[in-house]
Amino acid sequence: MTCRRIWVAGHNGMVGSALVRYLEARGDQVIKADRAVVDLRHQMAVEVWLKQSRPDAIIFAAAKVGGIYANDTYPADFIYDNLAIEVNVIHSAHAAGVDRLVFLGSSCIYPKFAPQPIKEEALLTGPLESTNEWYAIAKIAGIKLCQAYRKQYGRRYISVMPCNLYGPNDNFDLKTSHVMPALIRKFHEGKQAGLSEVVVWGTGTPLREFLHVDDLARGVVFCLDNYDDYEHINCGAGSEISIRGLAELVKRAVGYEGRIVFDASKPDGTPRKLMDSSRIMTLGWLPQIGLEEGVVDAYRWFLKNKVAPVELEGASA
Ligand code: GFB
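The present account deals with the structure reproduced in this document. (Residues numbered from 1 in each chain as written. Predicted model: local features only at pLDDT ≥ 70, side-chain atom pairs only at ≥ 80, totals over all residues. Heavy atoms only, no water.)

### Let's talk about the packing of helix α2 (residues 43-53) against helix α4 (residues 75-95)
So, step 1. Relative to each other, α2 and α4 sit at 35°, their axes nearing to 9 Å. Along this stretch, α2 crosses α4, giving a crossing that reads as right-handed. Counting all contacts with α2, which are made through Q43, V46, E47, L50 and K51, the residues of α4 involved are V87, N88, V89, H91, S92, A93 and A95.
So, step 2. Broken down by class, the residue content of the contact of α2 with α4 amounts to six nonpolar, four polar and two charged. (Axes fitted to C-alpha atoms, helices over the stretch in contact; angles between N-to-C directions. Helix = DSSP H or I, 4+ residues; strand = E, 2+ residues; numbered from the N terminus. Left-handed = near helix turned anticlockwise from the far one by under 90°. Contact = heavy atoms within 4.5 Å. Nonpolar A, V, L, I, M, F, W, Y, C, P; charged D, E, K, R; others polar.)

### Some points on the site of the ligand
So, step 1. Taken together, 23 residues are adjacent to the ligand, and I68, K186, R208, P267 and D268 come closest.
So, step 2. Within the side chain of N71, an N or O atom sits 3.1 Å from an oxygen atom of the ligand.
So, step 3. In the model, a nitrogen atom of the ligand is placed 2.9 Å from a nitrogen or oxygen of the W201 main chain.
So, step 4. Listed by contribution, the elements that provide at least two residues to the shell around the ligand are α3 (68-73), α6 (179-193) and β7 (197-201).
So, step 5. Considering every element that reaches the shell around the ligand, the biggest residue donor is α6, with three residues.
So, step 6. Looking at the shell around the ligand, its residues break down into eleven nonpolar, eight polar and four charged. (Near = heavy atom within 4 Å. Polar contact = N/O pair within 3.5 Å; in protein donor to acceptor, adjacent residues only side chain to side chain.)

### Considering the nonpolar core
So, step 1. Within the largest apolar cluster, 66 residues are counted, with the highest numbers of intra-cluster contacts made by W7, L19, L40, L50 and L101.
So, step 2. The element best represented in this core is helix α7 (residues 213-226), accounting for eight residues.
So, step 3. L50 has contacts with W7, P55, I58, V89, S92, A93, A96 and V98, leaving out every residue within four places of it along the chain.
So, step 4. Among the nonpolar cores identified, the runner-up in size contains 21 residues, and I184, I241, V254 and F302 belong to it. (Core = buried A, V, L, I, M, F, W, Y, C linked by side-chain atoms within 4.5 Å. Buried < 20%, exposed > 50% of the residue type's maximum accessible area, 1.4 Å probe, protein only.)

### A closer look at helix α10 (residues 291-305)
So, step 1. Between its terminal C-alpha atoms α10 stretches 21 Å, which fits the 21 Å expected from 15 residues at 1.5 Å a residue.
So, step 2. Among all positions of α10, only G294, V295, A298, Y299 and F302 are buried. Buried positions in α10, seen along its axis, are confined to an arc of 135° and lie on one side of it. Residues of α10 that are exposed and angled more than 90 degrees away from the buried face: E292, R300 and K304.
So, step 3. At its buried positions, α10 is contacted by β6 (164-166), α6, β9 (210-212) and α8 (243-254). (Expected span 1.5 Å × (residues − 1). Arc of directions from axis to C-beta.)

### Topic: the pairing of strand β1 (residues 5-9)
The side chains of a regular strand alternate between the sheet's two faces.
So, step 1. In terms of burial, β1 is a largely internal element, four of the five residues being buried.
So, step 2. With three bridges connecting them, β1 and strand β2 (residues 29-31) associate as parallel partners. Note that in β2 the partner of R5 across the bridge is Q29.
So, step 3. In terms of handedness, the path from β1 via helix α1 (residues 14-25) over to β2 forms a crossover that is right-handed.
So, step 4. Where β1 meets strand β3 (residues 57-60), four bridges bridge the pair, whose relative direction is parallel. Paired with V8 across the strands is I59, a residue of β3. (Pairing = 2+ DSSP bridges. Right-handed = clockwise from strand over helix to strand, strands pointing away.)

### Digging into unusual backbone geometry
So, step 1. Following Q116, the chain continues into P117 via a peptide bond in cis, with omega recorded as -10°.
So, step 2. With respect to the helices, strands and loops of the structure, P117 is situated in the loop between β4 (100-104) and α5 (133-153).
So, step 3. The phi dihedral of R54 is positive, around 40°, even though this residue is not glycine.
So, step 4. Following the sequence through the fold, R54 ends up in the loop between α2 and β3.
So, step 5. Take R54: its relative accessible area is 47%, and that puts it in the partly exposed class.
So, step 6. A positive phi angle, close to 60°, is found at L124, a residue other than glycine.
So, step 7. Within the secondary structure, L124 is located in the loop between β4 and α5.

Pasting the structure below:
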């Protein structure tokens, strides 16, 4: 199926903007709406706007997102904003007669100690990681909303679970960002200032799976066109790296020559969250951008855009 008029909810974020680039390049008409046009936390506004705009499909990339510190520090914002926009967008999509929707979740929906690599079936089989359980609960609710509207009304709403994402348009604010943009910024600024050491949070031992956002955009649109099932589907790179390994990789890409120091007083978060993405890979999607190449691309974007701290909003991961 090729959709013609697709609303990318959250088009200003890292994931949303990658989706817009990809969809427009393949000839789809993308509908966008800034917060000034429709605040997704307000039910009536979303309902009215969706009834007027009536897209053929919705890609739901809008979310309150952030790294480990933001998740742990602003739990009310993370659970409230995400639950509110999910309830509003998914219910209003149904009310407006929109039959196709792709919801984006996160690998943090899975139990902290889920068997690795994590299969889709691991959902709700154990306790969550405490630093991001509020966000995870909201994302699990989003999956369940899609399943509920499918079960009761036959709506073809699906959910895609990305691993940790990075790329152009990331949030480079050190307090609220994820690890990849934080390391790019820290090593870059360390190099500029001639610092002898750069501090990396935690012990360096946690493992993470990183996917370039352009690969994710292709995966999401692939699912829009090819996947129509009750169960959510994982979309990850299929390989993992330690935070220490990532720090060394980013350090090399940036050309920083000082030392890496670990601050073990900062949280590590979940020890490991490698997803099993064999379902989507068997269907025909594969990542194309390797981590080294992807980091160089993200650093290039950072340099070109002279990044200043941005507001905490955008797309999910
Ligand atoms: O990317 P990140 O913030 O999120 O952190 P999570 C990943 C790992 O990198 C943690 C370490 O072990 C951090 O302690 N780290 C090292 C750093 N230095 C830094 C730094 O300067 N900044 C940051 N942010 N981390 C998030 C969840 O978990 O992942 C979200 O909180 C979501 O809910 C997202 O699921 C994908 O991978 O720990």
